[in-house]
Amino acid sequence: MDPQALIGFLIVAVALTCTPGPDWAYSIAAGLGRRSFVPAVAGLCSGYVLHTLLLAAGIAALMAALPGLLLGLTVAGALYLLWLGFVTAKSWRGAGFRAAGTVVGPDGAATRLRAYLQGVGTSSINPKGLLFFVALTPQFIRRDAGFSVPVQSIILGLTFVASAAVIYTAVAAGSRRLLRSRPGAARGITLGSGIIMCALGAVLLVEQAGAVATAAGQLLALG
């Protein structure tokens, strides 16, 4: 692996994960929850592991060659953000923390699994993440490197996953630490995170409206 390419990729990956977006909003909401935020962060990272595997398998190049497929995934991601934002905003009244030593109820496992799966969904169809893996990551792959293209893809993808794990854990832990004694602020931030996710989803849908209308027109013409 070319060290310069890896360092350049790491800089870009850290810059991207430090940019507030759906992953940040979900990390903050998880940090303000009543239970551990680890499953949520693990879910976010698992979504990017999926991106890494698709990149190594060459599917990212296929999506780049098929704009319609990327468009469909982007629209699906926008709709998912709208749904997740609505669910998050709806739960704002219950945001806060239990006293230390409180035992997690019998629904704890189900809650953790739901948080994990929501994290997977948030990152796996995050349009920003899709574009990063489809359009940007291949630029750091060297054909004449000592490793094969799939191996380089895995190295770069896992580098991104590692940076995401560190940053999103810091975001979730920071929000919990700062707002642990401020339940009113926790409720406000939870509501704000939900609204932000809804807004991002709406903006993405508006941005893709022209492309969707064009694709629909082509389908009608073929019919």
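Now for a look at the structure at hand. (Residues numbered from 1 in each chain as written. Predicted model: local features only at pLDDT ≥ 70, side-chain atom pairs only at ≥ 80, totals over all residues. Heavy atoms only, no water.)

On to the overall build of the protein, then. Along the backbone of the protein there are nine helices and zero strands. When burial is assessed residue by residue, the protein has 40% of its 223 residues classed as buried. Across the protein, the fraction of contacts at a sequence separation of at least 24, relative to all contacts at a separation of at least 6, is 88%. Carbon and sulfur atoms make up 72% of the accessible area of the protein, which totals about 11,300 Å². (Helix = DSSP H or I, 4+ residues; strand = E, 2+ residues; numbered from the N terminus. Buried < 20%, exposed > 50% of the residue type's maximum accessible area, 1.4 Å probe, protein only. Contact = heavy atoms within 4.5 Å. Areas by Shrake-Rupley, 256 points an atom, 1.4 Å probe, with all protein chains shown as cover.)

This part covers the packing of aromatic side chains. Counted according to the given criterion, the structure contains one aromatic pair. When the ring of tyrosine 48 is compared with that of phenylalanine 160, the centres are 4.9 Å apart and the planes differ by 75°; the resulting orientation is edge-to-face. Placement of tyrosine 48 in helix H3 (residues 38-56) and of phenylalanine 160 in helix H8 (residues 149-179) is noted, with a sequence separation of 112 residues between them. This pair shows no difference in class: tyrosine 48 is buried, exactly as phenylalanine 160 is. (Phe/Tyr/Trp six-rings, centres within 6.5 Å; stacked < 30°, edge-to-face > 60°.)

Side chains of residues three or four places apart in an α-helix project in the same direction, reflecting 3.6 residues per turn. Taking 1.5 Å per residue, 15 residues should reach 21 Å; helix H1 (residues 3-17) reaches 21 Å between its end C-alpha atoms and fits that length. The set of residues buried in H1 consists of Ala5, Phe9, Ala13, Leu16 and Thr17. One side of H1 holds all its buried residues, which, seen down the axis, span an arc of 90°. The exposed set on the far side of H1, more than 90 degrees from its buried face, consists of Pro3, Gln4, Ile7 and Ile11. (Expected span 1.5 Å × (residues − 1). Arc of directions from axis to C-beta.)

Glancing now at the environment of isoleucine 141. You can see isoleucine 141 is positioned in the loop between helix H7 (127-136) and H8. By relative accessible area, which is 15% here, isoleucine 141 ends up buried. A C-alpha to C-alpha distance of 9.7 Å links isoleucine 141 and valine 151, two positions 10 residues apart in sequence. Beyond its immediate stretch of four places on either side in the chain, isoleucine 141 contacts Val149, Gln152, Ser153 and Leu156.

Turning to the packing of helix H2 (residues 22-31) against helix H6 (residues 108-124), a few remarks are in order. Two elements in contact, H2 and H6, have axes whose closest approach is 9 Å; the angle formed by their N-to-C orientations is 165°. Between H2 and H6, the angle falls in the class roughly antiparallel. Between H2 and H6 lies a crossing whose hand is right-handed. Contact residues: H2 offers Pro22, Asp23 and Tyr26, while H6 offers Ala115, Gln118, Gly119, Thr122 and Ser123. Of the residues assigned to the contact of H2 with H6, the class counts are three nonpolar, four polar and one charged. (Axes fitted to C-alpha atoms, helices over the stretch in contact; angles between N-to-C directions. Parallel < 35°, antiparallel > 145°, perpendicular 65-115°, else oblique. Left-handed = near helix turned anticlockwise from the far one by under 90°. Nonpolar A, V, L, I, M, F, W, Y, C, P; charged D, E, K, R; others polar.)

What follows concerns a nonpolar patch on the surface. Residues Val49, Leu53, Ile154 and Leu158 make up a contiguous nonpolar surface patch of about 310 Å² in total accessible area. Elements represented by at least two residues in the nonpolar patch include exactly H3 and H8. Exposure remark for leucine 158: the relative accessible area of 44% places this residue in the partly exposed category. (Patch = residues over 30% accessible without salt bridge, like charges linked within 9 Å, V, L, I, M, F, W, Y side chains within 5 Å. Salt bridge = Lys/Arg side-chain N within 4 Å of Asp/Glu carboxyl O.)

Once that is clear, we can look at the packing of H3 against H6. Where H3 meets H6, the closest approach of the two axes is 7 Å, and the angle between their N-to-C directions is 40°. What the angle tells us is that H3 and H6 run oblique. The way H3 lies across H6 gives a crossing that is right-handed. Residue-level contacts link Pro39, Ala40, Ala42, Gly43, Leu44, Ser46, Gly47, Tyr48, Leu50 and His51 of H3 to Arg112, Ala115, Tyr116, Gly119, Val120, Thr122, Ser123 and Ser124 of H6. Looking at the contact of H3 with H6 residue by residue, the class counts come to nine nonpolar, eight polar and one charged.

Read these as spatial facts, not as claims about activity.
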